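Listed below are the residues making up each chain.
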Amino acid sequence: MIPAAFEYHRPDSISAALAILQDHGDDARVLAGGHSLIPMMKLRMADIPHLVDLQDVADLRGISVQDGNVDIGAMTTQAELIASADIAKAAPILHEAALQIADPQVRYMGTVGGNIANGDPGNDLPGLMQCLDASFTLVGPYGSRDVAAREFYEAAYMTAREDDEILTRVSFAATDAGYAYEKQKRKIGDYATAAAAALLTKSGDQVSSASIAMTNLSDVPVFSESAGAALVGTACDAEAVKAAVAAMLDDIDPNEDNRGPVAFKRHVAGVILGRAIARAWSRS
């Protein structure tokens, strides 16, 4: 449980961090909260000669809500999301989901950017950011670019971020939609067996818009456009929810593991999505 020798860097600016990445190329990795990378290093499953800790980069922290837009620095912790009155008002689904990430000890160190950029299909925030139609800002040696959350994930632990880029901010529109984040897990602190994020808006007694995303049911988070479409224009009755669940099941591709066989995961996914839709509709 002792990592291989490495050189530790603690830059105080984005430009300094990028310079270190350029100097050392594939031998350097950035460190956010460390909950994924440090265990891999201790198990000798990752050999990182140069570790670039982003804790001192002040520009990567903070939450801003202005003119209907939410902007979150990548080094903002999950505990800070929970404590933010602005987040609770502008994106209550994010507040609700952050409360379900692991446990308080993890949330005090775990960061928004680390949870998103790692590409782990079991992490809670990637699917949620797809539900919110968020955009990720990546900064590299040749400038910055924005990538939609729905286009960011390519495969398990593989994303659109280049090795010499740093994810700096997350942005999305504030929402007053009915919301729910439902998660089934074996025990406190575990990854989800299945989780669902749902945002619904109402016009009269019908669904006017719906956004659905699922977590840990494929090698990437799953934004199920077809599940949302199945709800739009309906009264969100039992038949509509059944159609949305069926559409979602066509989009996921779970694997058997220690959380259960594929059939069990698909069953849990349907139950969890049904609960998320019902609760989001009750809040719309």
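Presented here is an overview of the structure given in this document. (Residues numbered from 1 in each chain as written. Predicted model: local features only at pLDDT ≥ 70, side-chain atom pairs only at ≥ 80, totals over all residues. Heavy atoms only, no water.)

**Looking at the pattern of salt bridges**
- If you walk through the whole model with that rule in mind, you get 13 salt bridges.
- Ionic pairing is found between Asp 257 and Arg 259, a salt bridge with its closest N-O pair at 4.0 Å.
- A cluster of three or more residues bridged by salt bridges with shared partners is formed by Arg 186, Asp 190, Asp 257, Arg 259 and Lys 265. (Salt bridge = Lys/Arg side-chain N within 4 Å of Asp/Glu carboxyl O.)

**Here we look at helix α11 (residues 238–251)**
- Here α11 spans 20 Å end to end across 14 residues, near enough to the 20 Å set by a 1.5 Å rise per residue.
- Taken residue by residue, α11 has Ala 240, Val 241, Ala 244, Val 245, Ala 247, Met 248 and Leu 249 as its buried positions.
- Buried-residue contacts for α11 involve β13 (206–215), α10 (225–231) and α12 (262–283). (Helix = DSSP H or I, 4+ residues; strand = E, 2+ residues; numbered from the N terminus. Expected span 1.5 Å × (residues − 1). Buried < 20%, exposed > 50% of the residue type's maximum accessible area, 1.4 Å probe, protein only. Contact = heavy atoms within 4.5 Å.)

**Some words on the sheet that holds strand β2 (residues 28–31)**
- Within the open sheet, the three strands sit side by side as β1-β3-β2. Their pairing is parallel. Of all strands in the sheet, those with a lone pairing partner are β1 (7–9) and β2, marking the two edges. Pairs of neighbouring strands in the sheet enclose a mean axial angle of 25 degrees, with direction left out of account.
- By the bridge criterion, three bridges tie β1 to strand β3 (residues 50–53) in an arrangement that is parallel. Looking at β3, one finds that Glu 7 is bridged to His 50. (Pairing = 2+ DSSP bridges. Axes fitted to C-alpha atoms, helices over the stretch in contact; angles between N-to-C directions.)

**A look at a negative patch on the surface**
- A surface patch of negative charge is lined by Asp 26, Asp 27, Asp 47, Glu 154, Glu 162 and Asp 163.
- Among the secondary structure elements, Asp 27 is positioned in the loop between α1 (14–24) and β2. (Patch = residues over 30% accessible without salt bridge, like charges linked within 9 Å, V, L, I, M, F, W, Y side chains within 5 Å. Areas by Shrake-Rupley, 256 points an atom, 1.4 Å probe, with all protein chains shown as cover. Lys, Arg positive; Asp, Glu negative; His and termini not counted. Charge placed at Lys NZ, Arg CZ, Asp CG, Glu CD.)

**Some remarks on the pairing of β3**
- The side-chain alternation of β3 yields two buried faces, one formed by His 50 and Val 52 and the other by Leu 51 and Asp 53.
- Note that β2 and β3 share four bridges and pair parallel. Looking across to β3, one finds that Ala 28 is bridged to His 50.
- In this view, the connection linking β2 to its parallel neighbour β3 by way of helix α2 (residues 37–42) has right-handed handedness. (Right-handed = clockwise from strand over helix to strand, strands pointing away.)

**What about the packing of aromatic side chains?**
- For the structure on display, the rule yields two aromatic pairs.
- Judged by centre distance (5.1 Å) and plane angle (90 degrees), the rings of Phe 136 and Phe 152 are edge-to-face. Of this pair, Phe 136 sits in strand β6 (residues 135–140) while Phe 152 sits in helix α9 (residues 149–152), and the two are 16 residues apart along the sequence.
- These aromatic residues form a ring-pair network of at least three members: Phe 136, Phe 152 and Tyr 153.
- Taking the ring centre of Phe 223 as reference, the NZ or CZ of Arg 150 above it sits at 3.7 Å.
- In this arrangement the basic side chain of Lys 202 is found over the ring face of Trp 281, its NZ or CZ atom lying 4.6 Å from the centre. (Phe/Tyr/Trp six-rings, centres within 6.5 Å; stacked < 30°, edge-to-face > 60°. Lys NZ or Arg CZ within 6 Å of the ring centre and 35° of its normal.)

**Quick word on the sheet that holds strand β5 (residues 69–73)**
- Spatially, five strands are ordered β4-β5-β10-β6-β7 in an open sheet, and the strand pairing comes out antiparallel. Because the sheet does not close on itself, it has two edges, and the strands there are β4 (63–66) and β7 (143–148). Each strand axis lies, on average, 20 degrees off the axis of its neighbour in the sheet, ignoring direction.
- Running over the sheet, α1 touches β6 and β10 (166–173) and is turned about 130 degrees from β10.

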